[in-house]
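Take a look at the letters that make up each chain.
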Amino acid sequence: MNQIDVAQLLSPSAHFRVLLSPTPRGARLARLLAAEWMRTREELPHRVTEAAVQLVAELTANAATHGRVAGRDFRLVLLVHEDALRIEVTDTRADALPRRRLPSPDGDSGRGLLLVEALADRWGVGLGPAPQKTVWAEVDLTPL
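Residues numbered from 1 in each chain as written. Predicted model: local features only at pLDDT ≥ 70, side-chain atom pairs only at ≥ 80, totals over all residues. Heavy atoms only, no water.

1. Things to note about the side chain of threonine 90
Thought 1: Along the chain, threonine 90 turns up in strand E3 (residues 84–91).
Thought 2: Only 2.7 Å separates the side chain of threonine 90 from the side chain of threonine 134, close enough to count as a polar contact.
Thought 3: Ignoring sequence-local partners within four residues, the contact set of threonine 90 consists of Phe74, Arg75, Gln132, Lys133 and Thr134. (Helix = DSSP H or I, 4+ residues; strand = E, 2+ residues; numbered from the N terminus. Polar contact = N/O pair within 3.5 Å; in protein donor to acceptor, adjacent residues only side chain to side chain. Contact = heavy atoms within 4.5 Å.)

2. Quick word on the packing of aromatic side chains
Thought 1: A complete count under the given rule lists one aromatic pair for this structure.
Thought 2: Each ring, one from phenylalanine 16 and one from tryptophan 37, has its centre 6.1 Å from the other, and the planes form 35°; the classification is tilted. Placement of the pair is phenylalanine 16 in strand E1 (residues 15–20) and tryptophan 37 in helix H2 (residues 24–39), with a sequence separation of 21 residues. For the pair formed by phenylalanine 16 and tryptophan 37, the shared burial category is buried. (Phe/Tyr/Trp six-rings, centres within 6.5 Å; stacked < 30°, edge-to-face > 60°. Buried < 20%, exposed > 50% of the residue type's maximum accessible area, 1.4 Å probe, protein only.)

3. Section: the environment of arginine 31
Thought 1: Here arginine 31 shows up in helix H2.
Thought 2: Classification of arginine 31 as partly exposed rests on a relative accessible area of 29%.
Thought 3: For the pair arginine 31 and glutamine 54, spaced 23 residues apart in sequence, the C-alpha to C-alpha distance is 8.0 Å.
Thought 4: With residues up to four places along the chain from it excluded, the contact list for arginine 31 reads Val53, Val56 and Ala57.

If you want it as structure tokens, here you go:
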């Protein structure tokens, strides 16, 4: 069952956190909740929100597809720093690290990290505590 603290959506805090089931429905809900939270943040430029929604969609879809462990949720965290929006998606498959692959021209998958690289100013992976991994991406609030 999804665990959502509705008060988080109404809070003016500079962070958002939610646990969701590692399913396509959970990934879709993560994108919708993130988009709504970012919409309420005046300090987020439109271009940042647009990129971040796509990043959330990709990272949570990866967590639901590649990081799925039955009975274990994934976590989405959004943090607004002075100069960047940070997106963190944590799942319980530290053994399944993201890696860039060359997609086949007619394939349906394999382009996700290319999209992350194109939209994020920085991204990476952090391990722990076992068995977790966190894939993160940052989008600068001011253009370079």
